[in-house]
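Architecture and fold: a report
Okay, here's what each chain looks like letter by letter:
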Amino acid sequence: MPRCCVPEPLEPAVARLRDLVTDLDGLVRAVGSGKRRTGAPSIARVELRPVTLKSGLHLQLSTHDGQRPTVRNIAPGVELNAALEQLFDEPFGNWHVETLTQTLQLRVTKKGEAQVHVSVTASSGTTGTTGAIKRDTNHDREGSHLIHPDDPLFRVIGGNAAKRRQVDAFLRALSATVDLNSIEGPLHVVDLGCGNAYLTFAAYCYLRGLELDVTLTGVDIRADQRDRNTALAEKLGWADRVRFVATAIDGVALEVEPADITLALHACDTASDDAIAQGVRWKSRWILAAPCCHHDIASQLKAQGSDSNHLLTRHGILRERFADVLTDSLRAALLRLNGYSVEVVEFVDSAHTPRNLLIRASRSDVPPDAGLSDEYRLLAQSWGVIPKLATLL
């Protein structure tokens, strides 16, 4: 949202927003997200859009708790009015509303005021418009996406259905983790172990679409990946804001500091530990890690020998699965001990990928729970393992 917007009282601004949302004949969609300085909403995100059912026009409410969505279709009337009142009472930091004639963006400032930007759409016939908005009230359409499947991004990086599902799941987790309302000034994102960078590009596309001042650095040890991704950034017209370097994670030096958001998406084995450790050293405000493979702890469990084998680790496949859980439990505890609040959630449904866990960490001034250090040591010692992340930190 442009910083030039003049703050205004919040209540009348929300009333304008409510009028747009309740006009189902003109509404295209509305999205509430983020949190205010005074508190966080009970849900991470909500999207509203009109849908046509056999009984007529309804409003579809798609809410997301940070892990999975819930969808309701409500007919106009008392129930819908009550549901909307409850939603507008939620302390969302941002609202984005599109209608057939205008787009309204509302951001709640730290002082509790509203910054509102309104742009006119092409369908209104007014000059200086932002472009026509398409309205689709088909109930059976493909689920809503944070980046539309027709976006030029997917034409450049490729985008089959499975990849788009993973992109959307990641962006919803990113939206639920990052307090967009707290961002003032430039935002620097670093993706460590970015590989072919399709989630890297998706993160930039999404944050850029929120009109944030974003720069992004992708890091991968392979020079051919750097060259490929740099060419894609140029093709997308983002080369001045998205850059790629070829270096080891533990040796990266940033040209742009600080790293506000550190990503580690499917970095293999202890590369995830290297990435998380870098995020902690940089004091990143947010760290999102989707670990891939957990060979280090599994090898330590196996090396203990037959006398130490437990029922959980005697069989190879069970040992590997247990090592996954043990490794990420220890990672989450170490992040908490280093000043982060942590959630471990499902990244994308396991039907689409077996590596479906996401560690979401937000830097906090709240000290860790008393006794957490002892709990961590007891867990590591009881299984005779030393996590790589512990040695790095």
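Residues numbered from 1 in each chain as written. Predicted model: local features only at pLDDT ≥ 70, side-chain atom pairs only at ≥ 80, totals over all residues. Heavy atoms only, no water.

1. Here's the deal with the pattern of salt bridges
- Within the structure shown, the criterion is met by 14 salt bridges.
- Ionic pairing is found between Asp273 and Arg331, a salt bridge with its closest N-O pair at 2.8 Å. Residue Asp273 is located in helix 7 (residues 271-281), and its partner Arg331 is located in helix 9 (residues 316-337); the two are separated by 58 residues in the primary sequence. For the residue pair Asp273 and Arg331, the accessibility class agrees, reading buried in each case.
- By sharing partners, the salt bridges in this structure join Arg29, Arg45, Glu47 and Glu98 into a single network. (Salt bridge = Lys/Arg side-chain N within 4 Å of Asp/Glu carboxyl O. Helix = DSSP H or I, 4+ residues; strand = E, 2+ residues; numbered from the N terminus. Buried < 20%, exposed > 50% of the residue type's maximum accessible area, 1.4 Å probe, protein only.)

2. Remarks on the environment of Ser175
- Note that Ser175 resides in helix 4 (residues 161-177).
- As for Ser175 and Ser33, which are separated by 142 residues in sequence, their C-alpha atoms are 7.5 Å apart.
- Contacts of Ser175, omitting those with residues within four sequence positions, involve Ser33, Arg45 and Tyr206. (Contact = heavy atoms within 4.5 Å.)

3. Focus on the sheet that holds strand 12 (residues 286-292)
- Strand order in the open sheet made by the 7 strands is 10-9-8-11-12-14-13, with mixed pairing throughout. Of all strands in the sheet, those with a lone pairing partner are strand 10 (242-246) and strand 13 (340-346), marking the two edges. On average, each strand axis in the sheet is inclined to that of its neighbour by 15 degrees, with strand direction left out of account.
- Of the strands in this sheet, strand 11 (261-268), strand 12 and strand 14 (357-363) touch helix 4, which is tilted by about 25 degrees from strand 14.
- Those strands touched by helix 5 (residues 198-209) are strand 8 (187-192), strand 9 (214-220), strand 10 and strand 11, and its axis lies near 175 degrees from that of strand 9. (Pairing = 2+ DSSP bridges. Axes fitted to C-alpha atoms, helices over the stretch in contact; angles between N-to-C directions.)

4. Considerations on the packing of aromatic side chains
- Taken as a whole and judged by the stated rule, the model has 6 aromatic pairs.
- A centroid spacing of 6.3 Å and a plane angle of 40 degrees characterise the contact between Phe201 and Trp238, whose relative ring orientation is tilted. Taken together, the positions of Phe201 in helix 5 and Trp238 in the loop between helix 6 (223-236) and strand 10 put the pair 37 residues apart, joining distant regions of the chain.
- Relative accessible area serves as the criterion here: at 0%, Phe201 is assigned to the buried category.
- By relative accessible area, which is 5% here, Trp238 ends up buried.
- Here the aromatic rings of Phe322 and Trp383 are separated by 4.6 Å at their centres, their planes lie at 55 degrees, and the arrangement is tilted. With Phe322 in helix 9 and Trp383 in helix 10 (residues 372-383), the pair connects residues that are 61 residues apart, well separated along the chain. Comparing Phe322 with Trp383 shows no difference in burial state: the two are buried. (Phe/Tyr/Trp six-rings, centres within 6.5 Å; stacked < 30°, edge-to-face > 60°.)

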